[in-house]
Each structure stands twice: as C-alpha cells, then as structure tokens.
Amino acid sequence: MPKTTVRGIEVAYTDEGAGAPVVLLHGFPFNRSMWREQVGLLRGTHRVIAPDLRGHGDTGVAADGPATMEDMAEDVAALLDQLGIQRAILGALSMGGYVTFAFYRRHPHRVRALVLADTRSQSDADEARVNREKSARQALDEGMGVIAEQMIPKLFAPATLAERPEVVGRVREMIEGTNPAGAAAALRGMAVRKDQTEFLADILAPTLVMVGSEDTVTPPKDAELLHREIRGSRLVTIEGTGHVSNIERSAEFNQALADFLRALEP
Ligand code: MLT
C-alpha cells in the first residue's frame, strides 16, 4: 500500500490503473476500501486514486482541532501534486462530497468532472452540530463500537440490514477500524462546514449526482437540490439502497458511473 507524507500527515492511498485520473473520496467514518468495486471497474480504463482522508483508514490524524473539509481538500490537492496529477475526475460519497465542494471552490481548474453520491450541499443545523459534538466525545471516551451501533441502522435500506450481513459487516468493520481521534476531528470538521448551496450554480464541470432511493442520511431530496442547481447535471437514483449505495448496489452504481465516464469527452 503506497503512503506518502502530505502537509505533515502520512497519507495512505490506492493508485491503480492508467489513463485519465479519477480520485475517489470516501464517506465518514469509512476508508478507501469502500471503493473496492469501483476501483475494480475503473482500473482497466483510468488511473484511480483513492486516499484515506485524514484521521481515517491508514492515514494519520493531525495533533488536535477539527479536521475541516478544507483541510481534507488541501490534503487531496497536495497528494495530487506529489503524484503529478494536474486535473482529475472527482468521485465522492457523503463526507467525501463535502470535501469535493471545498476542493472545487479552491481548485476549479483541477476538476474535469464530478460524481456526487449520497451527499448534500447544506451545512448542519444547530441540533445536528450539538449531536456531532456528542458523538465526537463518545468516540473518544467509549470507542468506535458505540458509533457503529448508532450509525448502522441508519446507513442501509431495511432489506439490506435484514438480508445482507456481509454488506453490513463490511461497513461495521470500516467504522470500528477508524481511529477515534480521527473520527472526532472529522465530526468537528463537518459541524463547521460551510453551506455550499449558493455555490452550486457556479459549478461548470460535468456532474453526475447519485442517490439511494432509501437514503435517510442524505435523502433523495438533497440529491434533487444538487441536480436542480448544478447546470446540466445528471441524476441517477439507485432503487432499493440506502446511504452507501456504491456498496449496497455496486453493479447499478458502477453502471451509472461507467455510462457517465464514457460520455465525457477525452
Ligand atoms: C458520511 O457518510 O460521510 C456521513 O454520514 C455524512 C454526515 O454525517 O453528514
């Protein structure tokens, strides 16, 4: 597994395949392994980079303070600099989407196209901010098991929860494997993230928005808002899936991704 030091943090990342670069940014509190099926799809046609964002997976965590979406976006920009990649297609799920908005605002010329899955442009309401801090404290005091217990029921479509223990187990393992300090920093970073809704009209990159029809964390109405505001964007709803649509229905997710990438001009 490649690792490099970026902005003072050791960053682990996947780098496979050759061709136009695609960068995949995972959700909270997951890691780059969530993209396994997408890396499998894309490495035949693209160079796929999937970093563990700061505080997640095998990437280090900064000493203290929140890990803001801008911090994570700058980590990605610096990693791409090191890898000699000037411009890339950015694909992201949930928190990865928040990071992607921060990246696009700072480096629009580096973005060839966007894939925004199960994410939203709105910032947290006051109550959600309070809950983030509660979860951050819990992660630090009690560990990630309790975070997994709270999150798992919300992450999947009911049928997935009931009938696909291997899918649920894979996600549980990612959550439980996350460094509590990294999770707390990301929770505090998400709590202070900017509302990006006003900025959506400025996005000029070709954009695919995807959402699970049963996503209750970032529901279809959030995806519809992205689709409405991002000019020329395409919206794909993946039926029968919750928040982690790329894992729950990887074949349908990959089909939409492949169709979108094929339609991009070289
Ligand atoms: C994620 O999947 O990244 C998180 O659920 C996003 C969030 O908590 O806002």
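A.B. asks: For this particular structure, what's the right way to read the pairing of strand S7 (residues 207-212)?
C.D. replies: In summary, the side chains of a regular strand alternate between the two faces of the sheet. Within S7, 6 of the 6 residues are buried, which leaves it mostly tucked inside the rest of the structure. Burial of the side chains of S7 extends over both faces: Thr 207, Val 209 and Val 211 are buried on one face and Leu 208, Met 210 and Gly 212 on the other. Across 4 bridges, the pairing between strand S6 (residues 111-117) and S7 is parallel. The residue of S7 that forms the bridge with Leu 116 is Val 209.

A.B. asks: Would you mind showing me how to read the site of the ligand here?
C.D. replies: Near the ligand you find Gly 27, Phe 28, Ser 94, Met 95, Tyr 98, Arg 120, Arg 132, Met 190, Val 217 and His 243, and these make up its full shell. Between Ser 94 and the ligand, the recorded distance is 2.9 Å, taken from a side-chain N or O atom to an oxygen atom. One of the backbone N or O atoms of Met 95 is found 2.8 Å from an oxygen atom in the ligand. Protein contact buries 94% of the 270 Å² of open area that the ligand shows by itself.

A.B. asks: Would you mind going over the nonpolar core with me for this structure?
C.D. replies: Core analysis: the biggest nonpolar cluster contains 86 residues, and Phe 30, Met 95, Val 171 and Ile 175 have the highest contact counts within it. The residues touching Met 95, leaving out its near neighbours within four places in the chain, are His 26, Gly 27, Phe 28, Leu 53, His 56, Met 69, Met 72, Ala 186 and Met 190.

A.B. asks: I tried to follow the packing of aromatic side chains on my own but got confused; where do I start?
C.D. replies: Any pair of aromatic rings gets described here by the distance separating the centres and the angle formed by the planes. Inspection of the entire model under this criterion finds 1 aromatic pair. Seen from their ring centres, Tyr 104 and Phe 199 are 5.9 Å apart, and the 55 degrees between their planes marks the pair as tilted. Here Phe 199 lies in the loop between helix H8 (180-191) and S7 and Tyr 104 lies in helix H3 (residues 95-106), a separation of 95 residues in the sequence. The aromatic ring of Tyr 98 is capped on one face by Arg 193, whose charged end is 4.0 Å from the ring centroid.

About the cut-offs
- Residues numbered from 1 in each chain as written.
- Predicted model: local features only at pLDDT ≥ 70, side-chain atom pairs only at ≥ 80, totals over all residues.
- Heavy atoms only, no water.
- Buried < 20%, exposed > 50% of the residue type's maximum accessible area, 1.4 Å probe, protein only.
- Helix = DSSP H or I, 4+ residues; strand = E, 2+ residues; numbered from the N terminus.
- Pairing = 2+ DSSP bridges.
- Near = heavy atom within 4 Å.
- Polar contact = N/O pair within 3.5 Å; in protein donor to acceptor, adjacent residues only side chain to side chain.
- Areas by Shrake-Rupley, 256 points an atom, 1.4 Å probe, with all protein chains shown as cover.
- Core = buried A, V, L, I, M, F, W, Y, C linked by side-chain atoms within 4.5 Å.
- Contact = heavy atoms within 4.5 Å.
- Phe/Tyr/Trp six-rings, centres within 6.5 Å; stacked < 30°, edge-to-face > 60°.
- Lys NZ or Arg CZ within 6 Å of the ring centre and 35° of its normal.

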